[in-house]
Amino acid sequence: MIERKKLRFAVLVDSAILKQWQIDSIEDLLKSDKSECVCFIKNTSKASPSNSKTSIGFRLLYKSIDHNGPLSIVDWTKQFKSIPVLEFNPVQKGTSSYLNEEDVTHFRALNLDFVLRFGFGILKGEALTIPTYGIWSFHHGNPEYYRGGPAGLWEIIQKDRVTGSILQQLNEKLDQGNMLRRGFFQTIDHSYKANLHHILDESSKWPSLVVTSILAHPEKLLVTSPISNKGKLYKIPSNWKTLQLVFRLFENKIAFHLNRLFNAEKWNIGTVNQPIEDLFTNNLNKINWLNEAPKNQYFADPFTWKGDQILLELYNYKTEKGALKTLDRKSGKLIDFKNSETHSSYPFTLEFAGKNYILPENYRNKSLLLFEVKEDLTIEAKYELIKGEWIDPSLIQHNGHWWLFCTHKSSPKENLYVFYSENITGPYTAHLMNPVLTDIRSARPGGTPFVVNGKIIRPTQNCATTYGGSIVLKQIETLNTTEYSERFLKEILPPKGRYSKGLHTLSKAGDKILVDGKRYHFNVSNFMHQLKSSFKK
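Values in this document were obtained by computation on a predicted structure and should not be read as measured data.

1. A short note on the overall build of the protein
What the protein contains, in helices and strands, is nine helices and 35 strands. By the compact-globule yardstick of 24 Å for 537 residues, the protein fits well, its C-alpha radius of gyration being 26 Å. Each of the three principal axes of the protein carries a C-alpha extent, and together these read 80 × 55 × 40 Å. Burial status across the protein gives 55% buried among its 537 residues. For the protein, contacts bridging at least 24 residues in sequence account for 60% of all contacts bridging at least 6. For the protein, the accessible surface area stands at approximately 24600 Å², while carbon and sulfur atoms represent 50% of it.

2. Some thoughts on a nonpolar patch on the surface
There is a patch of nonpolar side chains on the surface, built from Phe250, Ile254, Leu258, Phe262, Phe522, Val524 and Met528 and spanning about 670 Å² of accessible area. Those elements that place two or more of their residues in the nonpolar patch are helix 8 (239-262) and helix 9 (524-536). Considering each element in turn, the nonpolar patch owes the most residues, four residues, to helix 8. Its place among the elements puts Val524 in helix 9.

3. Re helix 8
For helix 8, built from 24 residues, the straight-helix expectation of 34 Å at 1.5 Å per residue is met to within 8% by its first-to-last C-alpha distance of 35 Å. Listed as buried for helix 8 are Thr242, Leu245, Leu249, Asn252, Arg260 and Leu261.

4. Looking at helix 6 (residues 192-203)
The terminal C-alpha atoms of helix 6 lie 17 Å apart, and with twelve residues this matches the ideal 16 Å at 1.5 Å per residue to within 8%. All buried positions along helix 6 are accounted for by Tyr192, Asn195, Leu196, His197, Ile199, Leu200, Glu202 and Ser203.

5. Let's talk about the pairing of strand 12 (residues 162-169)
Burial within strand 12 is extensive, with eight of its eight residues counted as buried. Alternating residues of strand 12 divide into Val162, Gly164, Ile166 and Gln168 and Thr163, Ser165, Leu167 and Gln169, and every residue in both groups is buried. Where strand 10 (residues 135-139) meets strand 12, four bridges bridge the pair, whose relative direction is antiparallel. Residue Trp136 lies in a different strand from strand 12, and its bridge partner there is Gln169. Pairing between strand 12 and strand 13 (residues 178-186): eight bridges, direction antiparallel. Along strand 13, the bridge assignment pairs Gly164 with Phe184.

6. With respect to the environment of Leu350
Structurally, the position occupied by Leu350 is in strand 21 (residues 345-352). Taking the relative accessible area as the measure of exposure, Leu350 reaches 13% and is therefore buried. Considered as a pair, Leu350 and Leu395 are 45 residues apart in the sequence and their alpha carbons are 8.3 Å apart. Residue contacts for Leu350: discarding those within four places in its chain leaves Lys355, Asn356, Tyr357, Leu395, Trp402 and Ile424.

7. Comments concerning the side chain of His504
Structurally, His504 is set in strand 34 (residues 502-509). The buried category is assigned to His504, whose relative accessible area is 3%. Within polar-contact distance, the side chain of His504 engages the side chain of Tyr467 at 3.2 Å. Within the structure, His504 has its side chain in polar contact with the side chain of Thr505 (distance 3.4 Å).

8. A closer look at the pattern of salt bridges
Enumeration over the complete set of coordinates arrives at 17 salt bridges. Lys508 is paired through a salt bridge with Glu277; the nearest N and O atoms lie 2.9 Å apart. Of this pair, Lys508 sits in strand 34 while Glu277 sits in the loop between strand 15 (264-272) and strand 16 (288-289), and the two are 231 residues apart along the sequence. Note on Lys508: relative accessible area 31%, which makes it partly exposed. Between Glu486 and Lys474 there is a salt bridge, and its shortest N-O distance comes to 2.7 Å.

9. A look at the nonpolar core
If you look at the biggest cluster of nonpolar residues, it comprises 59 residues, and the most contacted ones within it are Val11, Phe40, Trp136, Tyr192 and Phe405. Top element by residues in this core is helix 7 (residues 206-216). It accounts for five residues. Each residue touching Val11, except ones within four places of it in the same chain, is listed here: Ile26, Cys37, Cys39, Phe40, Ile41, Leu116 and Phe118.

10. Things to note about the sheet that holds strand 7 (residues 96-98)
Strand order in the open sheet formed by three strands is 6-7-9, with mixed pairing between adjacent strands. The sheet is open, and its two borders are formed by strand 6 (91-93) and strand 9 (122-123), each paired with just one other strand. Summarising the sheet, strand 6 and strand 7 pair through three bridges and their orientation is antiparallel. Considered in strand 7, the bridge of Lys93 is made with Ser96.

11. Some thoughts on the packing of helix 1 (residues 20-31) against helix 7
For the pair helix 1 and helix 7, the least separation of the axes is 8 Å and the interaxial angle reads 30°. On the basis of their axis angle, the class for helix 1 and helix 7 is roughly parallel. Judged by residue contacts, Ser25, Asp28 and Leu29 of helix 1 engage Pro207, Ser208 and Val211 from helix 7.

12. Some details on the environment of Gly57
Looking at the secondary structure, you find Gly57 in helix 2 (residues 56-64). Overall, the relative accessible area of 18% leaves Gly57 in the buried class. Counting along the chain gives 181 residues from Gly57 to Ser238, while the straight-line C-alpha distance between them is 7.1 Å. Not counting chain neighbours up to four residues away, the residues in contact with Gly57 comprise Asn239 and Thr242.

13. Topic: the packing of aromatic side chains
Applying the stated rule across the entire model yields 28 aromatic pairs. Summarising the aromatic geometry, the rings of Trp289 and Tyr499 are spaced 4.6 Å apart at their centres and angled 50° between planes, so their arrangement reads as tilted. Residue Trp289 is located in strand 16, and its partner Tyr499 is located in the loop between strand 33 (484-492) and strand 34; the two are separated by 210 residues in the primary sequence. Residue Trp289 is classed as partly exposed on the basis of its relative accessible area, which comes to 28%. Through a chain of ring-to-ring contacts, three or more aromatic side chains come together here, namely Phe9, Phe114 and Trp136. Between the NZ or CZ atom of Lys93 and the centre of the ring of Tyr98, over which it lies, the distance is 5.0 Å. Seen from the ring of Phe184, Arg441 lies directly overhead, with NZ or CZ sitting 3.9 Å from the centre.

So, how was this worked out
Residue positions are given per chain, counting from 1 as you read along its sequence in written order. pLDDT decides what is reported in this predicted model: residues at 70 or higher carry local features, side-chain atom pairs at 80 or more are listed and counted, and totals for whole chains, interfaces and linings draw on all residues regardless. Side-chain numbers come from the whole structure's heavy atoms, not from hydrogens or water. Put simply, DSSP marks the helices as runs of H or I at least four residues long and the strands as runs of E at least two long, and each gets a number from the N terminus on. Only C-alpha atoms enter the radius of gyration; for comparison, a globular chain is expected to reach 2.2 Å times N to the power 0.38, where N is the number of residues. Only protein chains enter the area calculation, which uses a 1.4 Å probe; residues under 20% of their type maximum are buried, those over 50% are exposed, and those in between are partly exposed. Contacts are residue-level and defined by heavy atoms, with any inter-residue pair within 4.5 Å sufficient. In short, Shrake-Rupley with a 1.4 Å probe defines the accessible areas, and a residue's cover is counted only from the protein chains shown. Patch criteria: residues need more than 30% relative accessible area and no salt bridge. Like-charged residues are merged within 9 Å; nonpolar side chains of Val, Leu, Ile, Met, Phe, Trp and Tyr are merged within 5 Å. In the sections that follow, a salt bridge refers to a side-chain nitrogen of Lys or Arg positioned within 4 Å of a carboxyl oxygen of Asp or Glu. Multiplying 1.5 Å by the residue count of a helix minus one yields the expected span of that helix. A strand pair is defined by DSSP finding two or more bridges across the two strands. Pairing of N or O atoms within 3.5 Å defines a polar contact, subject to two protein rules: one partner must be a possible hydrogen donor and the other a possible acceptor, and residues neighboring in sequence count only if both atoms are side-chain atoms. Note on terminology: a nonpolar core comprises buried Ala, Val, Leu, Ile, Met, Phe, Trp, Tyr and Cys residues joined through side-chain atoms within 4.5 Å. Here, axes are lines fitted to C-alpha atoms. For helices the fit covers the stretch in contact, and angles between N-to-C directions go from 0 to 180 degrees. Throughout, the term roughly parallel applies to angles under 35 degrees, roughly antiparallel to angles over 145, roughly perpendicular to angles from 65 to 115, and oblique to all others. In this scheme Phe, Tyr and Trp rings, the latter by its six-membered ring, pair at centre separations within 6.5 Å, and the angle between planes marks the pair as stacked below 30 degrees, edge-to-face above 60, and tilted otherwise. Think of it as a cone above the ring: NZ of Lys or CZ of Arg counts as a charge over the ring if it is within 6 Å of the ring centre and within 35 degrees of the ring normal.

Right, here's the structure in full:
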């Protein structure tokens, strides 16, 4: 295979119209120095690639959606004037399209590395194998459970907490192509528009990430990883099903707002007499809960400090701000760690080379700072690791590098970012494949990474049902500057009892574990804040 500095690609379309999310996907490819668009290939066949009937109810529902943002209609011929346009006349056989012999010859002569499919229906035949890395197609839904469409809708009807999406390399088997990129998003069950917009926006970036991966490891994309299961084939809902959906959306919208008004979170901290490494093979032992924080406040994000002290977030509903404190487990005394005047949380702690470090979340400062501190929390030095609004930062040293895991304020529960440096204090470089993972069930860090049998175990937050619903342990399989992969190890559910609504931190404290658990309660300050926020919108 001839190595190229840029990958050559074409775009398959049915008309001069594309949606904004598709335009965004093409523009992402063009902005990079890694790919070039050779041409658009327009379908001139009069046969309609899709014969699916649309119910009146669904047509009305779809028209009611605000078609701005990713669903905006764009004339790509004006957007990409300088890119040549070819016309192909595919042959329609049943529900599938095939290129005719003349078009196959022209297609082959383009010497393409990949093709982005935004038209031509269900394409089959020789065309699928001509580009070096195949023809790429989006499916907005998890094909292991949801085939067909409409995108982002049946997950709401089926009360599925997670909406999937994939970018696949097509083959002859429908919905069983080679998986190039996949993501799992929280289903926004009170708004079909918001759910659809979200998955379109987030997944539009994937082709450029796949191109980056190919250029780093061209041989790996040729190793197929087909979709293993074949989910149910869904179609456009009937009038009756659409009416049911409308009522469900209305019901979910009311529940969403009532929950924000009346169910304020009350987190508290607990200790477990068990080494964190023991969780690799065993379940979490009994949690010994500490006394709760005073009214209008809660304790969360516990990390170990010196002796019997715990470094934590003390959140105040009146000020709507978290502050970092140390809590003495025996006396209950709180001491301030004055790192910032703005909201602070998740005070990740570690010792290295005889020095003590604290790496808190402080996204409102738009800078991630690592603090070198004395035992009394006096700040000796601070280092800016990266700029930006980063969430729940966690560090671990592995194979000669320091690895920083975090999410971003723009998508704090779904996209995992990794940075690396030879020195704990930086400078840090973004991982080539950022975001390395898109998964509402396990992207966001949830405590201290630890090592068992040479394998890094990463505690993560499962936010599919609720923020910090449970802890998921992920075992990192591949970690280097150009690759990242991890696999599910186990889920740790919150225990029955007072704090049964969530569990979102699992940190190492010597031969013990620190956790936090959630319950709900009514809080006047939260009620007033959410009420004001609703009126502003």
